[in-house]
Amino acid sequence: MSTTTDAITAAVLFGPGAVLSAAALITQHRGKADSAAVMQVLAESAAERAERAVPPDGGEGAPAPTTGQSAPLATVLAFPEGRVRRAA
């Protein structure tokens, strides 16, 4: 094969990959910047909500932590240990 054929083959095989990888890198860079901005806004919103004791709609506040025992859990029923026959 000649050098020209090899160069054309390489351009056909690697050209689209190089273009797509450049586009993917640009997209990831912009996505990280957007993600950082979103995380900043969420952190500010969470801090603001934590400062409020009562919700703005007049509903109940966050439950106070308890220091006693919690309510007992529901009773767990055991499944039968024998083989279960199912319809075919």
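The structure we're discussing is the one just above.
Residues numbered from 1 in each chain as written. Predicted model: local features only at pLDDT ≥ 70, side-chain atom pairs only at ≥ 80, totals over all residues. Heavy atoms only, no water.

1. So, the overall build of the protein
- Along the backbone of the protein there are 1 helix and 0 strands.
- The burial tally for the protein puts 0% of its 88 residues in the buried class.
- With an accessible surface of roughly 8,700 Å², the protein has 63% of that area assigned to carbon and sulfur atoms. (Helix = DSSP H or I, 4+ residues; strand = E, 2+ residues; numbered from the N terminus. Buried < 20%, exposed > 50% of the residue type's maximum accessible area, 1.4 Å probe, protein only. Areas by Shrake-Rupley, 256 points an atom, 1.4 Å probe, with all protein chains shown as cover.)

2. Description of helix H1 (residues 3-51)
- For H1, spanning 49 residues, the distance from its first C-alpha to its last is 71 Å, which sits close to the expected 72 Å at 1.5 Å a residue.
- Of all the bends in H1, the largest measures some 40° and sits at phenylalanine 14, one to four residues before the proline proline 16. (Expected span 1.5 Å × (residues − 1). Bend = angle between axes of the 7 residues up to and from the residue.)

3. Some points on a nonpolar patch on the surface
- Judged by side-chain polarity, Ile8, Val12, Leu13 and Phe14 come together as a nonpolar surface patch covering roughly 460 Å² of accessible area.
- In this fold, phenylalanine 14 is placed in helix H1. (Patch = residues over 30% accessible without salt bridge, like charges linked within 9 Å, V, L, I, M, F, W, Y side chains within 5 Å. Salt bridge = Lys/Arg side-chain N within 4 Å of Asp/Glu carboxyl O.)

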